Structure formats: C-alpha cells, structure tokens
Amino acid sequence: MKTKSKRASRKTYKSATLPAPNSHYDLRLYVAGQTPKSLAAFANLKQLCEFHLAGKYRIEVIDLVKKPQLARDDQIVAIPTLVRRRPQPIRKIIGDLCDTQRTLIGLDLSEKVGG
C-alpha cells in the first residue's frame, strides 16, 4: 500500500503565487453603512489580522453608501466584500468573514498558520 509523505502532499498544495512570509497585506473592505453585517465583517477582519498578520497589514474601509462610484474600481457586486490588493494576485471574499478558516484560505494564509 502506497502512502504519500507529508512533504510530498505539502509540496503539491503550495502554489507559485503564495505571498512571501514577510509580505505586507493591503486590504480593502467594502461595506454599506453601519449595518450589522458590515460591522461584523470589520470586527472579524480586524481580529484575524491582529492574530495572523500583526504589524503586516493595512485595512481601508470603503463605505459605498457615501462613495458608490468606488465599487467599480474592484468590480464589487455584493457587500460586504474584502479585497486583498497586495500581495498579488488580487483575491476577493464576500460575506461577514465569520468563517475564519474560509477567510484564511481566501487570503492565502491557511498554509502559513498551520492549515
């Protein structure tokens, strides 16, 4: 019976586009006013960043109630939406970010934090 070693399975999981370990994360959170979902998304994102990216991130919150024209920049079709602009490639996550594992995977952080 053949089994794959941990090393082999990890190697196949890695992607050529994984950000460098010391990358700075540039994040945009698109919201619509002070709705419960918008507030939850910001709180969840802030907590996740403090725990996993301490000192290596910047969050820009864009309220589409005040500036709806900015939705066009990142092609926002639903809110709240998180856009990871840096490191490349751009990644988007829709929702209140309450599912930490899904959010980590969406940000390409799951492998760096033991996932």
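Residues numbered from 1 in each chain as written. Predicted model: local features only at pLDDT ≥ 70, side-chain atom pairs only at ≥ 80, totals over all residues. Heavy atoms only, no water.

This brings us to the confidence of the model for the protein. Residues at a pLDDT of 70 or more form 77% of the protein, whose mean pLDDT is 82. Counted against residues more than four places away or in other chains, residues 1-19, with its pLDDT under 50, gives 15 contacts. (pLDDT = per-residue confidence, 0-100. Contact = heavy atoms within 4.5 Å.)

Counting 16 residues, the largest nonpolar core has L27, L29, L45, L82 and L107 as the members making the most contacts within it. Contributing elements (two or more residues each) for this core: β1 (25-31) and α2 (36-52). Judged by nonpolar contacts, the second largest core, of 6 residues, contains Y30, L64, A71 and V83. (Core = buried A, V, L, I, M, F, W, Y, C linked by side-chain atoms within 4.5 Å. Buried < 20%, exposed > 50% of the residue type's maximum accessible area, 1.4 Å probe, protein only. Helix = DSSP H or I, 4+ residues; strand = E, 2+ residues; numbered from the N terminus.)

What follows is about the pattern of salt bridges. Going through the model one piece at a time under the given rule, you end up with 6 salt bridges. A salt bridge links K46 to E50; the shortest N-O distance between them is 4.0 Å. On the criterion of helical spacing, the pair formed by K46 and E50 is a turn pair, its members being 4 residues apart in helix α2. The salt bridge involving R91 is made with D108; its shortest N-O contact spans 3.1 Å. Placement of R91 in strand β4 (residues 91-94) and of D108 in the segment after α3 (100-106) is noted, with a sequence separation of 17 residues between them. On the basis of relative accessible area, D108 is assigned to the buried category, the value being 15%. (Salt bridge = Lys/Arg side-chain N within 4 Å of Asp/Glu carboxyl O.)

Before going further, it helps to spend a moment on the environment of Q34. Along the chain, Q34 falls in the loop between β1 and α2. On the basis of relative accessible area, Q34 is assigned to the exposed category, the value being 65%. Between the C-alpha atom of Q34 and that of D63, which follows or precedes it by 29 residues, the distance is 8.7 Å.

Here the bond from I79 into P80 is cis, since omega is -5°, no more than 30 degrees from zero. Relative to the helices and strands, P80 is located in the loop between β2 (57-63) and β3 (81-86). Of note, the amide linkage connecting Q88 to P89 takes the cis form, showing an omega dihedral of 0°. Relative to the helices and strands, P89 is located in the loop between β3 and β4. For Q75, which is not a glycine, the phi torsion comes out positive at approximately 55°. Position of Q75 among the secondary structure elements: in the loop between β2 and β3. At D108, a position not held by glycine, the phi torsion is positive, near 65°.

Inspection of the sheet shows β3 paired to β4 by 4 bridges, in the antiparallel sense. In the sheet register, L82 faces β4, and the bridge partner there is I93. Hairpin connection, β3 to β4: the antiparallel pair is bridged by 4 residues. (Pairing = 2+ DSSP bridges.)

Residue position: L109 is located in the segment after α3. Overall, L109 belongs to the buried group, its relative accessible area being 2%. Excluding anything up to four places from it in sequence, L109 contacts Y25, L53 and L104.

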